[in-house]
Number of protein chains: 2
Amino acid sequence: MGVERVAFSMKDQPVPTDCCSCPIRDRAVCALCDGEELSKLDAIKSYKTYAPGQEIVGAGEPWPYVASVVTGVVKLSKTLSDGRRQMVGLLFASDFLGRAANRPDTCDAIAATETTLCRFRREPFEALMKKTPHLEQRLLQITQDELDAARAQMLLLGRKTAKERVASFLLTLLRRSAPAAFTGQARIATIPLSRDDISDYLGLTIETVSRRMTELKKEGLIELVDARTFRVLDLQALEDAAQENYSE
Amino acid sequence: MGVERVAFSMKDQPVPTDCCSCPIRDRAVCALCDGEELSKLDAIKSYKTYAPGQEIVGAGEPWPYVASVVTGVVKLSKTLSDGRRQMVGLLFASDFLGRAANRPDTCDAIAATETTLCRFRREPFEALMKKTPHLEQRLLQITQDELDAARAQMLLLGRKTAKERVASFLLTLLRRSAPAAFTGQARIATIPLSRDDISDYLGLTIETVSRRMTELKKEGLIELVDARTFRVLDLQALEDAAQENYSE
DNA sequence: CGTTCGGTTGAGTAGGCTCAAGCTTAGTGG
DNA sequence: CCACTAAGCTTGAGCCTACTCAACCGAACG
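Residues numbered from 1 in each chain as written. Chains lettered and ligands numbered in written order. Predicted model: local features only at pLDDT ≥ 70, side-chain atom pairs only at ≥ 80, totals over all residues. Heavy atoms only, no water.

K.L.:
Tell me about the packing of aromatic side chains, and name the residues and values.
P.N.:
According to the stated counting rule, one finds 8 aromatic pairs over all chains in the structure shown. On the basis of an interplanar angle of 65 degrees and a centroid distance of 5.6 Å, the ring pair of W63 of chain B and Y65 of chain B is categorised as edge-to-face. Members of the aromatic cluster, joined through ring pairs, are F96, F120 and F125 of chain A. Residue placement shows R119 of chain A over the ring face of Y65 of chain A; its charged tip is 4.1 Å from the ring centre. (Phe/Tyr/Trp six-rings, centres within 6.5 Å; stacked < 30°, edge-to-face > 60°. Lys NZ or Arg CZ within 6 Å of the ring centre and 35° of its normal.)

K.L.:
Before we move on, can you summarise the environment of H134 of chain A with the specific residues and values?
P.N.:
Residue and element names in this part refer to chain A. Position of H134 relative to the elements: it lies in helix 4 (residues 133-159). Judged by relative accessible area, which is 29%, H134 ranks as partly exposed. Separated by 104 residues in the primary sequence, H134 and C30 have C-alpha atoms spaced 7.8 Å apart. If sequence neighbours within four positions are ignored, H134 has contacts with L32, C33, D34 and E37. Among the polar contacts listed, one links the side chain of H134 to the side chain of E37, at a separation of 3.0 Å. (Helix = DSSP H or I, 4+ residues; strand = E, 2+ residues; numbered from the N terminus. Buried < 20%, exposed > 50% of the residue type's maximum accessible area, 1.4 Å probe, protein only. Contact = heavy atoms within 4.5 Å. Polar contact = N/O pair within 3.5 Å; in protein donor to acceptor, adjacent residues only side chain to side chain.)

K.L.:
Now, about the protein's contact with DNA strand C: what can you tell me, with residues and values included?
P.N.:
Close to DNA strand C lie 16 residues, the nearest being R195, S210 and R211 of chain A together with A162 and T208 of chain B. What you see for DNA strand C is that sugar and phosphate hold 63% of its atoms within 4 Å of the protein. Within the contact set of DNA strand C, a base oxygen lies 3.1 Å away from a side-chain nitrogen or oxygen of R211 of chain B. Elements represented by at least two residues in the surface near DNA strand C include exactly helix 8 (206-218) of chain A together with helix 8 (206-218) of chain B. With 4 residues, the single largest contributor to the surface near DNA strand C is helix 8 of chain A. Here the residues of the surface near DNA strand C are counted per class, giving 3 nonpolar, 7 polar and 6 charged. (Near = heavy atom within 4 Å. Nonpolar A, V, L, I, M, F, W, Y, C, P; charged D, E, K, R; others polar.)

K.L.:
Quick rundown of the relation of the copies chain A and chain B? Include the residues and the values.
P.N.:
Least-squares fitting of chain A to chain B yields an RMSD of 0.0 Å, with the transformation described by 0.0 Å of translation along the axis and a rotation of 180 degrees. The superposition of one copy onto the other is thereby described by a two-fold rotation axis. Both copies contact each other with a shared surface, as 100% of the interface residues of chain A are interface residues in chain B too. (Least-squares fit on C-alpha atoms with pLDDT ≥ 70 in both.)

K.L.:
Summarise unusual backbone geometry; cite the residues concerned and give the values.
P.N.:
Residue and element names in this part refer to chain B. Backbone geometry places S94, a non-glycine residue, at a positive phi of 90 degrees. With respect to the element layout, S94 can be found in the loop between strand 5 (85-91) and strand 6 (96-97). Overall, the relative accessible area of 7% leaves S94 in the buried class. One non-glycine residue, Q243, lies in the positive phi region at around 55 degrees.

K.L.:
Hey, could you go over the sheet that holds strand 4 (residues 74-79) of chain A for me, with residue numbers and the actual values?
P.N.:
Spatially, 4 strands are ordered 2-7-4-5 (chain A) in an open sheet, and the strand pairing comes out antiparallel. Sheet topology places strand 2 (55-57) and strand 5 (85-91) of chain A at the edges, where each strand pairs with a single neighbour. Strand-to-strand twist in this sheet, taken as the mean axis angle between neighbours without regard to direction, amounts to 35 degrees. The sheet contacts of helix 7 (residues 195-202) of chain A involve strand 4 and strand 5 of chain A, and relative to strand 5 of chain A the element is tilted by about 95 degrees. Sitting on the sheet, helix 4 (residues 133-159) of chain B touches strand 4 and strand 5 of chain A, and the angle it makes with strand 5 of chain A is about 130 degrees. (Pairing = 2+ DSSP bridges. Axes fitted to C-alpha atoms, helices over the stretch in contact; angles between N-to-C directions.)

K.L.:
How would you summarise the sheet that holds strand 5 of chain B if you had to cite specific residues and measurements?
P.N.:
Residues and elements named next belong to chain B. In spatial order, the strands read 2-7-4-5; together these 4 strands make up an open sheet with antiparallel pairing. Looking at which strands have only one partner, the edges of the open sheet turn out to be strand 2 (55-57) and strand 5. Ignoring which end each strand starts from, the neighbouring axes of this sheet average 35 degrees apart. Packing of helix 7 (residues 195-202) onto the sheet brings it into contact with strand 4 (74-79) and strand 5, and relative to strand 5 it is tilted by some 95 degrees.

K.L.:
Lay out the domain arrangement of chain A in plain terms, naming residues and giving numbers.
P.N.:
Residue and element names in this part refer to chain A. Split by domain assignment, chain A resolves into domain 1 (3-157) and domain 2 (160-241). The interface is formed by 15 residues belonging to domain 1 together with 13 residues belonging to domain 2. Carbon and sulfur atoms make up 60% of the surface buried where domain 1 meets domain 2, a total of about 1300 Å² over both sides. In terms of surface lost to domain 2, no three residues of domain 1 exceed M87, F92 and L156, which account for 42% of the buried area on that side. Put simply, domain 1 and domain 2 have 3 salt bridges between them. Applying the counting criterion to the domain 1 and domain 2 interface returns 9 residue pairs in polar contact (both at pLDDT 80 or more). (Domains from an automatic or database assignment. Buried area = accessible area lost by both parts, 1.4 Å probe. Salt bridge = Lys/Arg side-chain N within 4 Å of Asp/Glu carboxyl O.)

K.L.:
With reference to specific residues and values, describe the interface of chain A and chain B.
P.N.:
At the interface, 47 residues of chain A touch 47 residues of chain B. Ranking the residues of chain A by area buried against chain B places R151, M154 and R159 of chain A at the top, with a combined share of 19%. Inspection of the chain A/chain B interface yields 10 salt bridges. As a salt-bridge pair, D200 of chain B and R159 of chain A come within 3.9 Å of each other at their nearest N and O atoms. For the interface between chain A and chain B, the tally reads 17 residue pairs in polar contact (both at pLDDT 80 or more). Taken together, the elements giving at least two residues each to the side of chain A that touches chain B come down to strand 4, strand 5, helix 3 (122-131), helix 4 and helix 7 of chain A. It is helix 4 of chain A that provides the largest number of residues to the side of chain A that touches chain B, a total of 20 residues.

K.L.:
How would you summarise the protein's contact with DNA strand D if you had to cite specific residues and measurements?
P.N.:
Around DNA strand D, 16 residues are found, and the nearest of them are A162 and T208 of chain A together with R195, S210 and R211 of chain B. Those atoms of DNA strand D that come within 4 Å of the protein belong to sugar or phosphate at a rate of 63%. One of the side-chain N or O atoms of T205 of chain A is found 3.1 Å from a phosphate oxygen in DNA strand D. In this structure, a phosphate oxygen belonging to DNA strand D sits 2.6 Å away from a side-chain N or O atom of T208 of chain A. Among the secondary structure elements, those contributing two or more residues to the surface near DNA strand D are helix 8 of chain A together with helix 8 of chain B. In terms of residue count, helix 8 of chain B provides more of the surface near DNA strand D than any other element does, 4 residues in total.

Set out below in structure tokens:
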């Protein structure tokens, strides 16, 4: 898995990025901020890169930051005392990590891929938020979007079959990690999660994920380039299989 | 079902409540507002009472309001094209209904019990929110709390057994609809939902809900006063059965 | 060449679903 | 006052989907 490279990327050194050239400038929590507000944020921010599998913050632990995901994918999961796990959120570039309120989150946050965060120290961030409606407005939008996503996932977890869940997951990936591919011809995307992670996300076991993935392949809806890359061959059929054709 | 009484309560006449004597004044979206802000809200608000089972707003429909639940319980549910339903939220007194952004919600909102809403016209509410940080702050807190609740429910739907789901549900009711009963001696609460609604909420069938409820009764954890009222006989055992003992 | 890890495939099991019948309660009308 | 009905709930029997346990495969690595 390239331990050497991983160790290197874990170094806690600032990534040379300023806000103007930031890839998530238009969508992150700072999206509505003007130049002056940005410079105040700049004063309390720091970048940090995490290796795949590295814990960002554990459930219930205090964390003196909030953060935007700049690149990479972050898993949010909950665990029962006997070890059963359920992923309750999957954060992509521009998504926000951490509660503004001081209440500790009851989720683990773990980097799924190599991930760079733009972290803000919590206390000054909260103080700044009170004085900066732009910041609060955008955070409210982001939180509402996450609530929508959580509710869509509740429908999946409560009512969809294994095959529908896997198909839905692939569509989510296509939309979120490669928006261009969704409408374009390519319709190819990488899966930023292991089978283990996928089963945590979908409320299934790795065996069931594997079986249903193979089934979608055999039916000609998708092609598995390798275990971590897929191409959609029949988008309409995949949407049907996912029960995500909101035509009616 | 008392159709006569229902028809009466459905009349669209203002409930004689002013903000000062409002039962949810300290927790609703207006909780942080001062007197002047309240009077601005007062100018755009109207009360409306819904009968049990009455639709407040359908999935995807536009709704020219946002609202606080004053009394009663509101179900938020999603439906697949073949009829499978999943409840994705259960709103009690002081909870907030409707997105501040104009994006239509993809959930039905249906009154579970007789419910009174304090509605604000959407457009002036949004305008007011931009000028009133108190409003936006409180709405952010409320939205984050709902996101937490949604994530807890995702763990339930993805990983808990039927018995654990039912036990968790009863504990939620105890906490949310009768907070006093949770710590006090009574530990008795009414169930504001039919078995059908409960099964929608827990991602189960009504038969499974009924069976597991009976099981909890036979094991002496709860007593069913009637189908809509229960008393907790062994709180510790119920928390264990729900896998909600966060001791470790 | 052996080991390990992530993924796939196979056989058998079990928990929740389906279909069906029975029970309880409230409301209705003779 | 007592059938009769209807709706909500409970109970029972059998089935099916996803889980468990186990073996196997292939690539990466030492």
